[in-house]
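Chain residues, written in single-letter form:
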There are 2 protein chains.
Amino acid sequence: MAEIVPPGISSSDFDRAMRECADIVGQEWVLTSQEDRDGYLDPMAPGDAASHAVAAAIAPASVEEIQGVLAVARNYGFPLWPISAGKNHGYGGPAPCMQGTVVLDLKRMNRIVEVNEELGYAIVEPGVTFFQLFDYLEANNIKLWLSPPAPGWGSVMGNALERGFGYTPYGDHSSMQCGMEVVLPDGEILRTGMGGVEGNRTWALFKHGYGPSWDQVFIQSNYGIVTKIGIWLMPEPEATASVRITVPNEEDLPQLVEIIRPLRIGHTINSSVVIANAVRRLAATSTRNEWYTGEGAMPEDLLRDIMQRNKWNFWEVSFAIFDSDEVITARLKEIERAFSVIEGATFDVTRWRRGEAMEKSARRVPNLMAYQVLNWRGGRGAHLGFAPVVAPTGDDATRIYNLMKRRIRDFGFDYFGGFTFFQRHAIHTSLILFDQSDQQMADNAHRLFDTVVREAAEMGYSEYRSHVSFMDLVADGYNYNGHALRRMNERMKDMIDPQGIIAPGKQGIWPAHLRGRRA
Amino acid sequence: MAEIVPPGISSSDFDRAMRECADIVGQEWVLTSQEDRDGYLDPMAPGDAASHAVAAAIAPASVEEIQGVLAVARNYGFPLWPISAGKNHGYGGPAPCMQGTVVLDLKRMNRIVEVNEELGYAIVEPGVTFFQLFDYLEANNIKLWLSPPAPGWGSVMGNALERGFGYTPYGDHSSMQCGMEVVLPDGEILRTGMGGVEGNRTWALFKHGYGPSWDQVFIQSNYGIVTKIGIWLMPEPEATASVRITVPNEEDLPQLVEIIRPLRIGHTINSSVVIANAVRRLAATSTRNEWYTGEGAMPEDLLRDIMQRNKWNFWEVSFAIFDSDEVITARLKEIERAFSVIEGATFDVTRWRRGEAMEKSARRVPNLMAYQVLNWRGGRGAHLGFAPVVAPTGDDATRIYNLMKRRIRDFGFDYFGGFTFFQRHAIHTSLILFDQSDQQMADNAHRLFDTVVREAAEMGYSEYRSHVSFMDLVADGYNYNGHALRRMNERMKDMIDPQGIIAPGKQGIWPAHLRGRRA
């Protein structure tokens, strides 16, 4: 008998439902053992991972099998949490919001449906990872470049659907998505945009079609199961430049932001710009106990001392430019002129031209190097991300930086962070690194997160994504007109998924019969 | 007593409803006289304008007045067709889909709510026109440039909501929209994206917020009344180049398209590229009867003769580049190299640097010059646009060009057209120019449109917008999975607007009680 079951369903009914699902997807793809189910716990849970434990996982291989599983779910009334690769680390990994949800694991649907080199796009199923797509492009000598996020083992689709980002001109992944196939909760197959026209060749080229454009409503929501997306890929540029700029003082932050803003809005820099502090650099190549073994946050004096010994400036700015070689030369002149107004700024540029060794290029190859930082606190390294959206102004950057740095230190963590700049907005990124095997530290991480979400919200800042444990908390911050946005989201939920089958609680959207579970 | 009333409402009830609306917006803003109502007919109707005649028009001045009018509309059950400036010419102008609809004229809501020069955006109400916003920027010496569509008297919001386009790097207007305030049919006020957070400063900077992103669902639909939008504006560039390239032969079209595609995808050309034929050029400066007074389409021999006499090549390509002066120099070299492979190509470049006379710049100043072409056939000049979305490949361009040219000539019109290229898609643009006072010619225009929509659909092409008379016809072409997209659109309609108050029939979306009216 099942040990954990979804709310409102008996163990015996649930077992029967799983047998019916096994008839559809095959016995080996209905995963109900303790060991199987543990594989869907959040490996970086800030607190009690079991509070998001799953009742089972089902791995269909096709749209038809998804439709079959949905029919069983509607019949018995159990919820499904769709995942693609399940690597959404820091945000819950494969774990659902609500304990007892059944994971719908789409890893077997990993077809690269189409890659069009001349028009620069791919159409992929949920299970296609950045590694897989990269290998495919290499093997077929297709000159399109990926925009992988920091760790490359995740799903191309999953990352876009969670509004993930990368470090190329195509780095705002959900904005590079074009065209979608969705299985609706009632089993209907919808193709959005130009996919609505049989035989049309612009499904992955023109985002909007005729009438309302639905793609962005199926992103970060629970209205359907996305089974295909178009994603734009960048044609190999003639040249690249990888740029690293440093400035000496903590107080340079507002001026730095004021310099970056017009360069991003005007596309002088055509990819994401990252500002990082010293801890972010330290954690990439060392562990904390090499520097400090005392209580609480690393003392600021010690950090200054380390920076001095390494001859490091306070802030490191990094970005890349992708263009023709001649244009890059012109851009770099303008960029150096702009940053040089900060006394003590340093410049380091690595250029690459087509034909040269790829190692020098700014092409992003999917990897897992980003996980090095997890070892910072030792033990079972984990992280929790806090990433509010901010206006790219010196004032805003200073305000959120001061809040976050103070609170992170108050709770005994080291401020590991900075900003990532897109065309007109910036994300304040701060990774809360902790040792999951240290219960007190994990609890502290949880409490810290809870505190900064509330305090940032009071200052008018809010996140664009969140860990499954905090989805309601973040949604609460969207408070205009008595949470009108949440009412809209839940009206849609009640209409499109009246039984509340898909991903209850995702992004704070609950189906009617579970709305009492809102935190 | 009202002469035309909405379906299902008596004349006396309708009169009473209008009196209640007058109590809300003021008597002078409830327009019911014949003369007033005629002002809302389509001035370019391809056929019987009266089939879209309105019962009345109401012009509220605020969100609160809109909420009041909506309450009356729900109580009596009459439909409202929201318009901003009503200049959507070629697509119906201010006229609604369904005869007897009441126009909700939002021209009085014309506040420029905010212009942020450093972050490059404006927040505007529906009635703000390109002329008005241009004047505001000039008067306040704000160095942001507009992307007006061909004629500049329209509404900035209306144009974005209908997926209009312009000729700058910000030319895909609905993609430059960021943040929205919408009054829902039940009177609820929704702010999308980061507007959901009280006091947040990124409403017009980050498009998506947290959870599903709704803006694109309120574009080209009938789910609410949009009362504010954020729109991104381009900071004045350091320099511009206006480029005109011509190539000699009709048969050069596919090669031309193959050259343009990578230049657009790679942003070598950072604004829309227009390909035009000779008629398009002729109509800008002359009328047809200066060249031809015979029956049917202008003979091809004559056109060739005119081109020869003027020393015109067959195709004219025009676009502009906006960047630093040094980068433009590099871009132009690359562009000239790319087009030079076509024998007989000519190049004409006008450059401008900041500080020089604005007349030489590629800045677009809103104007009405585009309407010159309406005189082509004499009489009461009108046009009907047919604009399918096509993949930017030589094959696709040739296929749609051959179909359109043949059919347009078959029906006795001159092929006035070409293509507009965006980053990954192109729009085939062909203006069907006719004399509205010539009933036979107007009927022909109507029949031609009907024919090409069907034939293009069979080839897998479909439009992204359409005239109110053809909204159902175009929606029919979105036929994947038995019109799944239309079912989705109408499920949403039934949920958000169960009484079918807002814009029945728009983009083929009908409320349940009027679904029998689908053409």
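Residues numbered from 1 in each chain as written. Chains lettered and ligands numbered in written order. Predicted model: local features only at pLDDT ≥ 70, side-chain atom pairs only at ≥ 80, totals over all residues. Heavy atoms only, no water.

1. Some remarks on the overall build of chain A
Going by this rule: Secondary structure counts use DSSP, requiring at least four H or I residues in a row for a helix and at least two E residues in a row for a strand, with both numbered from the N terminus. Put simply, the radius of gyration uses C-alpha atoms, and a globule should come to 2.2 Å times the residue count raised to 0.38. Exposed residues in this analysis have more than 50% of their type's maximum accessible area, buried residues have under 20%, and partly exposed residues fall in between, with area computed by a 1.4 Å probe over protein chains only. The contact rule is simple, with two residues in contact once any of their heavy atoms fall within 4.5 Å. The method behind every accessible area is Shrake-Rupley, applied with a 1.4 Å probe, and residues are considered shielded solely by the protein chains displayed. Residues scored as positive are Lys and Arg, those scored as negative are Asp and Glu, and His as well as the terminal groups of each chain are ignored. A single reference atom marks each charge: NZ on Lys, CZ on Arg, CG on Asp, CD on Glu.
Helix and strand counts for chain A come out as 13 helices and 20 strands. At 23 Å, chain A has a C-alpha radius of gyration in line with the 24 Å of a compact globule built from 519 residues. In terms of principal-axis extent, the alpha carbons of chain A reach across some 70 × 55 × 45 Å. Across the 519 residues of chain A, 65% fall into the buried class. A separation threshold of at least 6 residues defines the contact pool for chain A, and within that pool the share at least 24 residues apart is 73%. Accessible surface, chain A: about 17600 Å² in total, of which carbon and sulfur atoms supply 47%. One way to put it: in chain A the 51 positive side-chain charges average out to a point 3 Å from where the 64 negative ones average out.

2. Remarks on the domain arrangement of chain A
Residues and elements named next belong to chain A. Here is the rule: Either an automatic procedure or a domain database provided the assignment from which the domain bounds are taken. A 1.4 Å probe defines the accessible area here, and the buried area is the portion of it lost by two parts on being joined, summed over both.
Domain assignment breaks chain A into domain 1 (11-105), domain 2 (112-235), domain 3 (240-465) and domain 4 (472-517). Distance between the C-alpha centres of domain 1 and domain 4: 21 Å. With 11 residues of domain 1 in contact, the opposing surface of domain 4 contributes 11 residues. Taken together, the two surfaces of domain 1 and domain 4 that pack against each other cover about 830 Å², and 74% of this comes from carbon and sulfur. It is Arg74, Trp81 and Met98 that lose the most area in domain 1 upon contact with domain 4, and together they represent 48% of the buried surface on that side.

3. Concerning the sheet that holds strand E10 (residues 225-232) of chain B
One key point about sheets: their strands pair by backbone hydrogen bonds, in either a parallel or an antiparallel sense. All names here are of chain B. Put simply, the rule is: Strands are treated as partners if at least two bridges between them are detected by DSSP. An axis is simply a line fitted to the C-alpha atoms; with a helix, the fit covers only the stretch in contact. Between two such axes, the angle follows the N-to-C directions and lies from 0 to 180 degrees.
Read across the open sheet, the five strands follow the order E5-E6-E10-E8-E9; overall the sheet is antiparallel. Of all the strands in the sheet, the pair left with one neighbour each is strand E5 (112-116) and strand E9 (189-191). Each strand axis lies, on average, 10° off the axis of its neighbour in the sheet, ignoring direction. Strands strand E8 (177-183), E9 and E10 of the sheet are contacted by helix H3 (residues 63-76), whose axis makes an angle of about 50° with E8.

4. Regarding the pattern of salt bridges
Close approach of charged atoms allows side chains with opposite charge to pair. Note the threshold: Each reported salt bridge corresponds to a side-chain nitrogen of Lys or Arg within 4 Å of a carboxyl oxygen of Asp or Glu.
For the structure on display, the rule yields 68 salt bridges over all chains. Glutamate 250 of chain B serves as the salt-bridge partner of lysine 405 of chain B, at 2.6 Å between the closest nitrogen and oxygen. On the criterion of sequence distance, the pair formed by lysine 405 of chain B in helix H10 (residues 394-410) and glutamate 250 of chain B in the loop between strand E12 (239-247) and helix H6 (253-265) is long-range, its members being 155 residues apart. Connected via shared salt-bridge partners are Asp325, Arg351, Arg353, Glu356 and Lys360 of chain A.

5. Some points on the packing of helix H10 (residues 394-410) of chain A against helix H11 (residues 439-458) of chain A
Residue and element names in this part refer to chain A. To keep it simple, the criterion reads: By definition in this entry, angles of less than 35 degrees are roughly parallel, angles greater than 145 are roughly antiparallel, angles of 65 to 115 are roughly perpendicular, and the rest are oblique. In a left-handed crossing the near helix is turned counterclockwise from the far helix by less than a right angle, and in a right-handed crossing that turn is clockwise. Classes in brief: Ala, Val, Leu, Ile, Met, Phe, Trp, Tyr, Cys and Pro nonpolar; Asp, Glu, Lys and Arg charged; the others, Gly included, polar.
Packing of H10 against H11 brings their axes to within 10 Å, and their N-to-C directions diverge by 155°. On the basis of their axis angle, the class for H10 and H11 is roughly antiparallel. As H10 packs across H11, the resulting crossing turns out to be right-handed. Contacts between H10 and H11 involve Ile400, Leu403, Met404, Arg407 and Ile408 from the first element and Leu448, Thr451, Val452, Glu455 and Ala456 from the second. Of the residues assigned to the contact of H10 with H11, the class counts are seven nonpolar, one polar and two charged.

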